[in-house]
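This is what each chain is made of:
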Amino acid sequence: MVMKIIEFIISPLVAFIIGVFFLGLSRKIVARIHQRYGPPIIQPLLDVIKLFHQKGFSHGVLFDLGLILSLAGSIVVILFLPFAGICPLKSSGGLLVILYVMLFLPLGIALSGGEGANPNISIGISRKLILSLGYEVPFLLIILSVMSFYRTISIVDIVNSQGGFRWALFSPLFLSGIAYFMILPAMLGMRPFDIVSAPQEISTGPQVEYGGKYLGLSHIQHAFSIFITIALFVDLFLGGGENIFYFFLKMLVVFVSMVLIHSVFPRLRLEQALRYLWRWPTVLAFLGVIISQIVR
Amino acid sequence: MNLEILLSIAFGGAFLTYISGKISPRLRDFLAVLISLILTGFLGYLYGKTQQISYFSFLGIPLLLRINTLSWFFAIAIQVITTLSILFSLSYMRGKERLDFYYLMMLLVNAGMLGIVLAGDLLSFYIFWEIMSWSAFLLISYNRGAALEAGMKYIVMSIIGSICMLVAMISLYTNYSTLNISQISSQISSASSGYILFIVILLFVAFGIKNAVWPFHTWLPPAHSEAPSPFSAVLSGVLIKMGTFGFVLLMYVIAGLNIFLTLGRGSLHYVISLLAGITILIPTFIAIFQDDAKRLLAWSSISQVGYIIVGIAIGTSMGFAGGLFHFFNHAFFKALLFLCIGAVEYRVSTRDLNSLGGLIKKMPFIFFGTLVGVCGLIGVPLTNGFVSKWLIYKTLILNDYPFLAFVALLGTWGTILYSYKLLHNVFLGSLPTRFEKIQEAPVTMRIPVVILSLIILLFGILPGIPLKIVNSIAVSAGFPSLDVSIWGISSEKGTLNMVNIFTAVLISLVFMRLIFQMGEKRVRIPQEDSYAAGSYIPIDKYNYTLEFYQPLFRMIKPYFRDFVDVFYSKIVKAGRGLSDRTRKIYCGDLGYYVTYIVLFLAILIAIKLWGKVW
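Residues numbered from 1 in each chain as written. Chains lettered and ligands numbered in written order. Predicted model: local features only at pLDDT ≥ 70, side-chain atom pairs only at ≥ 80, totals over all residues.

Looking at this structure, how should I read the overall build of chain A?
Counting its regular elements, chain A contains 13 helices and 1 strand. Each helix (α) and strand (β) of chain A, taken in turn from the N terminus, gives the series α-α-β-α-α-α-α-α-α-α-α-α-α-α. A compact globule built from 296 residues should have a C-alpha radius of gyration of about 19 Å, and chain A, at 19 Å, falls within 12% of that. Across its three principal axes, chain A shows a C-alpha extent of roughly 55 × 50 × 40 Å. Per-residue burial over chain A gives 62% buried out of 296 residues. Taking as baseline every contact in chain A between residues at least 6 positions apart, the subset at least 24 positions apart corresponds to 81%. (Helix = DSSP H or I, 4+ residues; strand = E, 2+ residues; numbered from the N terminus. Rg over C-alpha atoms; globule rule 2.2 N^0.38 Å. Buried ≥ 20, exposed ≤ 12 C-beta atoms within 10 Å, placed from the backbone. Contact = placed C-beta atoms within 7 Å.)

Pasting the structure below:
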């Protein structure tokens with residue numbers, strides 16, 4: 001019982017630390033590529049602390065509630081994700097529930113932003129929903145190929161069947177794995193897919209009305225969503241992690257490669273992004289499903 | 001005896017309401033609500049009872065009524081939705097004309113639907129089916145104008161369905177000389193599979209039209225959007241589900257599980273599932289680009305019907321439970337959404353998604369109702385829609401239908417797009433100044449909204465309550481029993497525990513709320529006080545609602561049109577052209593007819609002279 005409670009506390013905490021670390025790391029790497037020195041790695045954490053001491057402006061009840069809902073949803077997803085043998089909610093619904101609870105993240109932000117009554121927010125959310133429809137097409141096919149290959153909807157079982165370097169990436173599912181890697185920047189909202197925030201066009205879109213602790217919470221939410229997206233990839237295709245160190249190492253490799261892509265590419269337009277997402281990643285994911293049906 | 005009394009109250013009450021309306025409108029309103037409440041209570045009393053009675057004999061055919069878990073499950077959904085819609089009508093319909101007629105038809109539709117689910121033989125089934133169809137036609141075209149056209153489209157397709165049903169019934173009667181459903185189902189197992197296929201296809205058309213399965217869906221969008229909103233709720237919530245009831249009856253009672261799954265070398269149920277898959281996908285994407293709130297919901301109803309049929313037709317116990325449960329859930333959240341949009345329409349007298357916005361400030365109650373309904377529609381966890389969709393997805397994934405599962409999941413993501421559009425364009429964004437004086441909806445509108453929202457959340461957190469009933473229906477249809485408990489469902493390959501999820505969400509919410517509280521105090525600001533990168537946002541000018549998903553629209557527009565509707569319109573046009581040409585020949589002028597006769601004789605003589613054929 002005590003172990004269980006510790007698990008419930010430890011997983012969101014680890015997710016928070018890793019997420020915030022990644023935020024700082026990405027700023028540092030991008031700065032080095034730009035031949036700048038860059039802020040210290042703990043800068044995002046300092047920012048959050050600072051923002052909590054500033055006055056925040058609210059547009060209404062839903063404006064607060066949506067943001068809280070989004071964060072609570074992130075925490076629940078983290079409780080469903082196994083890492084280093086810890087998975088507090090392993091017997092409550094599996095991968096399908098993860099897919100659905102992940103809805104809370106954009107939905108909460110969309111509801112909160114909706115009450116902001118700023119056209120930039122509405123444009124940003126409209127872009128976010130279209131972009132997510134774009135990457136969900138290959139993403140759902142990938143998830144389905146994994147679930148039907150391992151014949152289970154439990155993510156813990158999927159991780160367990162990849163034990164001892166039998167990673168899904170090196171199994172017949174490798175096409176799905178490549179497709180997942182190709183859509184990761186879009187899922188993280190990194191360049192060339194930072195269409196949703198696009199500071200120069202719609203002044204950071206959904207976040208434009210956030211200030212003070214609202215902005216701080218939205219940074220935390222961003223950190224959580226980075227953790228969730230990459231941890232899901234590591235769990236599904238890189239065999240999870242036997243201990244926290246391996247898990248972190250795998251996440252780090254994936255994230256750094258994303259940052260490298262992020263720092264050299266310009267932004268795509270929404271139609272170009274959709275065209276990309278619905279072409280190669282979808283074709284690969286489609287082949288992945290067919291292979292998973294044949295080989296299994 | 002009970003069932004006779006129930007239907008007598010339902011039909012008698014309808015006419016009593018009509019007559020009382022001639023005396024006093026208040027008495028009529030009171031009677032309409034009272035009768036539907038009595039019926040609800042009566043049905044609650046009938047829970048768990050099984051009974052079969054013969055109430056009449058027509059040309060030597062005994063007409064039967066029966067109740068079992070399946071009919072009870074449908075009947076209670078029908079009665080609750082109709083009761084709440086009638087309650088909603090009290091203020092929605094106030095001041096409109098022909099109200100006696102409206103309530104008569106509302107109660108007649110209700111009685112007809114109760115009759116359908118309680119019918120024990122095909123003849124009573126058909127009679128009640130027609131009562132329901134025709135009263136629904138009168139209600140759809142209640143507003144005249146465009147509604148009349150929508151009603152015509154509905155009734156023409158409905159008649160085609162009825163004819164198919166009649167042919168199947170006559171064929172069954174000539175073969176087995178009985179119309180009793182249970183007798184037919186015991187005799188049909190000896191029939192050839194070709195004959196069963198014939199019956200199944202005929203009845204599939206009949207029920208598919210009512211249930212708006214692709215490609216029989218074209219009547220639904222205009223009918224749903226033109227009908228009065230409380231009736232739209234009944235129409236979408238339960239009336240089209242009479243088709244679902246028909247499917248269950250056809251597949252698992254008349255044909256029976258084993259026969260159904262082997263029909264057409266085991267491919268028939270797969271073909272039906274594929275049709276249902278198309279029904280999910282195409283209407284979802286059409287719904288994204290609708291500008292009329294009710295038309296958007298109408299397209300969404302079609303796609304949700306797809307989920308129900310996929311679940312039922314796939315033929316496993318989990319899928320069957322998912323499909324039936326989704327019927328039940330869809331009845332509640334779609335009725336809720338139609339009522340909410342009706343309440344908005346009642347206050348601002350428009351439902352055009354491009355001219356609304358910001359109404360959350362004026363109608364918070366209705367907003368939260370819509371939010372719950374939308375969450376149910378998407379299937380957000382903690383709403384009932386999630387549980388049923390989870391069951392359907394799980395069936396599709398573990399029984400190796402990955403592409404159907406893909407279609408079902410993708411349909412859900414499309415659902416998010418149109419649901420958010422509905423929420424955003426009506427309630428979120430900036431409030432135009434012309435809506436400054438709008439008030440919250442009246443109490444008789446809020447009560448149904450609250451009740452429906454609570455039902456959705458309750459069955460989302462404790463899905464075991466309805467799932468136990470669904471499970472006993474599945475067992476009586478011949479499926480193996482599921483391991484259902486109050487908090488969800490457990491099985492070897494993945495367990496669902498809603499109470500755990502609920503607790504986790506609740507704790508996380510409280511936790512985040514505390515963290516939120518830790519920060520500096522927040523300051524409430526009016527909507528005009530927003531950031532626009534240094535430029536000024538003029539009030540009323542920058543509400544981003546028009547063409548909400550324009551980039552997507554530009555990309556997929558050429559592929560997503562309602563080809564079926566275009567095709568039917570072409571047939572109708574061709575038929576009209578043919579009739580026009582026939583009319584030119586039979587022009588009514590005696591001189592022409594004499595000429596035709598002379599010409600015909602001349603041709604006969606010519607054939608006789610040169611051909612020597614006889």
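Here the narrative resumes.
Before we go on, may I ask you to explain the sheet that holds strand β4 (residues 488–490) of chain B in this structure?
Either a parallel or an antiparallel arrangement is found when strands of a sheet pair, and the pairing is made through backbone hydrogen bonds. Residue and element names in this part refer to chain B. The antiparallel open sheet is built from 3 strands, whose spatial order is β3-β4-β5. Edge positions in the sheet fall to β3 (483–485) and β5 (496–497), since each has one partner strand and no second. The sheet contact formed by β3 and β4 spans 3 bridges and is antiparallel. Within β4, the position partnered with Val-484 by the bridge is Ile-489. (Pairing = 2+ DSSP bridges.)

How do you make sense of the domain arrangement of chain B when you look at a structure like this?
Accessible area lost during the coming together of the parts is what is often quoted as the interface size. The domain architecture assigned to chain B consists of domain 1 (267–514) and domain 2 (563–611). Each of domain 1 of chain B and domain 2 of chain B has a C-alpha centre, and the two are 53 Å apart. (Domains from an automatic or database assignment.)

Can you walk me through the interface of chain B and chain A in this structure?
Taken together, the contacts link 62 residues of chain B with 62 residues of chain A. Of all the secondary structure elements, the ones that give two or more residues to the side of chain B that touches chain A are α17 (384–398), α18 (402–427), β5, α21 (498–518), β6 (522–524) and α22 (550–556) of chain B. If you tally residues by element for the side of chain B that touches chain A, the top one is α18(B), at 12 residues. As judged from the 3 bridges shared by strand β1 (residues 56–58) of chain A and β6(B), these two strands associate in the parallel manner. Bridge pairing links A:Gly56 to B:Arg522 in β6(B).

What am I meant to see in the packing of helix α1 (residues 2–23) of chain B against helix α2 (residues 25–45) of chain B here?
Residues and elements named next belong to chain B. The interhelical angle for the contact between α1 and α2, taken along N-to-C directions, is 170°, at an axis separation of 7 Å. What the angle tells us is that α1 and α2 run roughly antiparallel. Mapping the contact onto sequence places Leu-6, Ile-9, Ala-10, Gly-13, Leu-16, Thr-17, Ser-20, Gly-21 and Ile-23 in α1 and Pro-25, Leu-27, Arg-28, Leu-31, Ala-32, Ile-35, Ile-38, Leu-39 and Phe-42 in α2. When grouped by side-chain class, the residues that make up the contact of α1 with α2 number 13 nonpolar, 4 polar and 1 charged. (Axes fitted to C-alpha atoms, helices over the stretch in contact; angles between N-to-C directions. Parallel < 35°, antiparallel > 145°, perpendicular 65-115°, else oblique. Nonpolar A, V, L, I, M, F, W, Y, C, P; charged D, E, K, R; others polar.)

What am I meant to see in α21(B) here?
Residues and elements named next belong to chain B. In a regular helix each residue adds 1.5 Å, so 21 residues correspond to 30 Å; α21 covers 30 Å between its end C-alpha atoms and thus fits that length. Residues Met-498, Ile-501, Ala-504, Val-505, Ser-508, Met-512 and Phe-516 constitute the buried set of α21. Down the axis, α21 shows its buried residues gathered within 125° of arc, on one side only. Exposed and facing more than 90 degrees away from the buried side of α21 are Val-510, Leu-514, Gln-517 and Met-518. (Expected span 1.5 Å × (residues − 1). Arc of directions from axis to C-beta.)

Looking at this structure, I do not really get unusual backbone geometry. What am I missing?
Note: most residues except glycine have negative phi, and most peptide bonds are trans. With an omega dihedral of 5°, the bond running from A:Arg191 to A:Pro192 counts as a cis peptide bond. If you trace the backbone, A:Pro192 turns up in the loop between α8 (174–188) and α9 (199–202). You will see that B:Ala212, though not glycine, has its phi angle at about 60°, which is positive. For B:Ala212, the location among the structural elements is in the loop between α8 (193–211) and α9 (220–226). For B:Ala212, a count of 27 C-beta atoms within 10 Å corresponds to the buried category. Unlike most non-glycine residues, B:Leu382 shows phi in positive territory, near 80°. Structurally, the position occupied by B:Leu382 is in the loop between α16 (364–378) and α17. By the C-beta count within 10 Å, which is 20 here, B:Leu382 ends up buried.

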